[in-house]
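# Close look at the chain arrangement
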Amino acid sequence: MPTAATKEIDARGSFCPGPLMELIRAIRDADVGDTIAILSKDPGSRTDIPAWVAKAKHEMVEISDEDGYSRYVVKKAR
Amino acid sequence: MPAEILVLGGGVGGSRTANLLARQLPAGSARVRVVDATGLHVYQPGFLYLAFGQANGGWLARDLRSLLRRDVGLIVDRARRIDTDAKVVHLEQEGPVGYDHLVIATGSHLDHASVPGLTQGAHGFYSLKDAERLREELRAFQGGTVIVGIAGMPYKCPPAPVEFVLLLEEYLRKRGVRDRTTIKFLSPLNRVFTIESASQMVAPIFEQKGIELHTFVNIESVDPDKRQVLSLEGETFDYDLAVLVPPHRGADVITASGLGDRGGWLPTDRHSLRVEGVDDVYAIGDCTDLPISKSGSTAHYEAHPIVEQIVAAVEGRAPEPKKARYEGQVMCFFEMGDRKATIIRFDYDHPPGPPKPSVVWHLAKWGFNRAYWYFVPRGIF
Ligand SMILES: Cc1cc2nc3c(=O)[nH]c(=O)nc-3n(C[C@H](O)[C@H](O)[C@H](O)COP(=O)(O)OP(=O)(O)OC[C@H]3O[C@@H](n4cnc5c(N)ncnc54)[C@H](O)[C@@H]3O)c2cc1C
């Protein structure tokens, strides 16, 4: 079972830096403790998203490979 | 009855589309009119040079009427609302104007107010007024920490802030204040800017010129009193001079008409450039939501498939498939400082492989700055 999230964003139609920018926008709007799931087909997300989450001191909860895309779950930690 | 074709906005995309339409449509088959809020056509790439005191006033702005063919009508007025069901655009002064085919070319708009402290604390070069004010600030600058950054994505001409910082480094060196200045470039991404291959080319040049690159800096606010830029990632940057690109939005008329997304960008088909979900409406240039650079060059190439589709509709034939399809072409010159530049060319399927920076591309950009007025808005070339 994939981890449930407070908000799910489908960024599969958008390419670099689209998915990361969608995540950043969602983090801005979220409350501390919320989890955000972002779906991305962009291979660049694999490095970009975890690197940004670490720098911004949020929490990378899970990365899962689905059929032709990946799902990144991030928790807003501060 | 001639077909009514209305073009909203007389910038790069609007003026070029209107002139090409008027040239290609059979005489008497249609009336082409441009609506523009200012009646001026502004060459925005010139702002970059203006900030360094290098721009020639003659290539910054011209009367739009002088760039349109005689058989293209011009209405100097502001569009307030588009009613795609009734096929009517409501203008501020003239009231409702009907259309059979509509081209939206209303550009992107700076939204300084959405970043607290930006207006009071930072300079910019993305408008004529900001670039003029920055020019005076740079003339008086005696050293300290300069920050160049991007306060919101997407923004037009992705290379422009990088070009600015490289030209700034050269400018300060020539003025003899470089050794008293720290230059920091703040990028929202994990590299210099959106295009990977060009970022790889720029990174060593930054290093060689002593420009500090700070990645993943998404600017949240500016504190004008403490002279600090604060990021969403929790960092604080002190500055003596901050030069920031403000966040961009689509035109108010798009939001007021319920046509745009959250940022006021029009949902646009990536090949036909039709606005999704409505009939006979096209979007060109900065106003689209396409995942490519917002640039004059994008608008330049997008004009052709739109023109083919509208001309075909007026002539009652099917559009020629190849001519009617936009493939994501973009081409930009990219200044690197010290009279060197490169060129970035790409489309949806082919990422750019920029050539080594050289004086040839620098001269080509200057040539283009002059030639622009004769070719681009007029639809020649
Ligand atoms: C500093 C800087 C450097 C740049 N350098 C380059 C470069 O080197 N190469 C490049 O290709 N691009 C460059 N650009 C980007 C380029 O200028 C824009 O992408 C381009 O102008 C977009 O064209 P457009 O037709 O979509 O919009 P614009 O040219 O901005 O025109 C929009 C027009 O719509 C009108 N309008 C808006 N709202 C309304 C309304 N409601 N009613 C009526 N009229 C309205 C405006 O008055 C304006 O005339 C640069 C931009 C800047 C700021």
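The present account deals with the structure reproduced in this document.

Definitions and cut-offs
Residues numbered from 1 in each chain as written. Chains lettered and ligands numbered in written order. Predicted model: local features only at pLDDT ≥ 70, side-chain atom pairs only at ≥ 80, totals over all residues. Heavy atoms only, no water. Near = heavy atom within 4 Å. Polar contact = N/O pair within 3.5 Å; in protein donor to acceptor, adjacent residues only side chain to side chain. Areas by Shrake-Rupley, 256 points an atom, 1.4 Å probe, with all protein chains shown as cover. Helix = DSSP H or I, 4+ residues; strand = E, 2+ residues; numbered from the N terminus. Nonpolar A, V, L, I, M, F, W, Y, C, P; charged D, E, K, R; others polar. Contact = heavy atoms within 4.5 Å. Buried area = accessible area lost by both parts, 1.4 Å probe. Salt bridge = Lys/Arg side-chain N within 4 Å of Asp/Glu carboxyl O. Buried < 20%, exposed > 50% of the residue type's maximum accessible area, 1.4 Å probe, protein only. Pairing = 2+ DSSP bridges. Arc of directions from axis to C-beta. Core = buried A, V, L, I, M, F, W, Y, C linked by side-chain atoms within 4.5 Å. Axes fitted to C-alpha atoms, helices over the stretch in contact; angles between N-to-C directions.

## Some words on the site of the ligand
Residues and elements named next belong to chain B. Surrounding the ligand, one finds 31 residues, the nearest of these being G13, D36, A79, D286 and S297. A distance of 3.1 Å is found between a nitrogen atom of the ligand and a backbone nitrogen or oxygen belonging to A37. Within the contact set of the ligand, an oxygen atom lies 3.0 Å away from a side-chain nitrogen or oxygen of Q44. Here the ligand loses 92% of its free accessible area of 1,000 Å² to cover by the protein chains. Among the elements of the structure, helix 1 (12-24), strand 2 (30-36) and helix 8 (296-315) are those that each provide at least two residues to the shell around the ligand. The class makeup of the residues in the shell around the ligand is 11 nonpolar, 13 polar and 7 charged.

## Let's talk about the interface of chain A and chain B
Facing 14 residues of chain A, the contacting portion of chain B comprises 17 residues. Buried area between chain A and chain B, both sides added, is near 1,400 Å², and the carbon and sulfur share of it is 56%. A per-residue breakdown of the area chain A buries against chain B is headed by M21, R28 and K55 of chain A, which together make up 36% of the total. Its salt-bridge partner being K55 of chain A, residue E235 of chain B comes within 2.7 Å of it at the nearest N-O pair. Taken together, the connections running from chain A to chain B amount to 9 residue pairs in polar contact (both at pLDDT 80 or more). If one sorts the elements of the side of chain A that touches chain B by residue count, helix 1 (residues 18-29) of chain A sits on top with 6 residues. Tallied by class, residues from the side of chain A that touches chain B come to 8 nonpolar, no polar and 6 charged.

## Considerations on the pattern of salt bridges
Summed over the entire model, instances satisfying the criterion amount to 25 salt bridges over all chains. Across the salt bridge formed by E220 of chain B and R28 of chain A, the nearest N and O atoms sit 2.7 Å from each other. Remark: R28 of chain A occurs in helix 1 and E220 of chain B occurs in strand 14 (residues 219-223); the pair is interchain, linking two chains. Among the ionic contacts, a cluster of salt bridges with common partners joins E169, R173, R178, K209 and D338 of chain B.

## Looking at the pairing of strand 1 (residues 3-8) of chain B
All names here are of chain B. With 5 of 6 residues buried, strand 1 is to be regarded as a mostly interior element. Relative to strand 2, strand 1 is paired through 6 bridges, and the arrangement is parallel. Along strand 2, the bridge assignment pairs I5 with V32. Note that strand 1 and strand 9 (residues 101-104) share 4 bridges and pair parallel. Residue pairing for strand 9: I5 is matched across the bridge by H101.

## Considering helix 2 (residues 45-55) of chain A
Since one α-helical turn is 3.6 residues long, residues separated by three or four positions face the same way. All names here are of chain A. Listed as buried for helix 2 are S45, D48, I49, W52 and V53. All buried residues of helix 2 project into a common sector of 120 degrees when viewed along the axis, lining one side. The outward face of helix 2, more than 90 degrees from its buried face, is lined by the exposed residues T47 and A54. Residue K57 follows helix 2 closely and has a positive phi angle near 60 degrees.

## Thoughts on the nonpolar core
In summary, soluble globular proteins display a tendency toward joint burial of nonpolar side chains. All names here are of chain B. In terms of nonpolar packing, the biggest core is built from 81 residues, with F125, V162, F164, L168, F185, F193 and F206 touching the most fellow members. No other element matches the 9 residues that helix 5 (residues 160-174) contributes to this core. In this view, F164 contacts L48, A51, F52, F125, L134, V148 and V243; residues no more than four positions away in its chain are not counted. V35, I75, V97 and I254 belong to the second largest nonpolar core, which has 22 residues in total.

## Description of the sheet that holds strand 8 (residues 95-98) of chain B
Residue and element names in this part refer to chain B. The sheet built from 3 strands is open, its strands ordered 6-7-8 with antiparallel pairing. The open sheet terminates on both sides in strands that have one partner only, identified here as strand 6 (79-83) and strand 8. Averaged over all adjacent pairs, the angle separating strand axes in this sheet is 25 degrees, with direction ignored. Pairing of strand 7 (residues 88-91) with strand 8, which is carried by 4 bridges, proceeds in the antiparallel orientation. By the bridge assignment for strand 8, V88 is matched with G98.

Remember, this is a structural readout, not a statement about activity or role.
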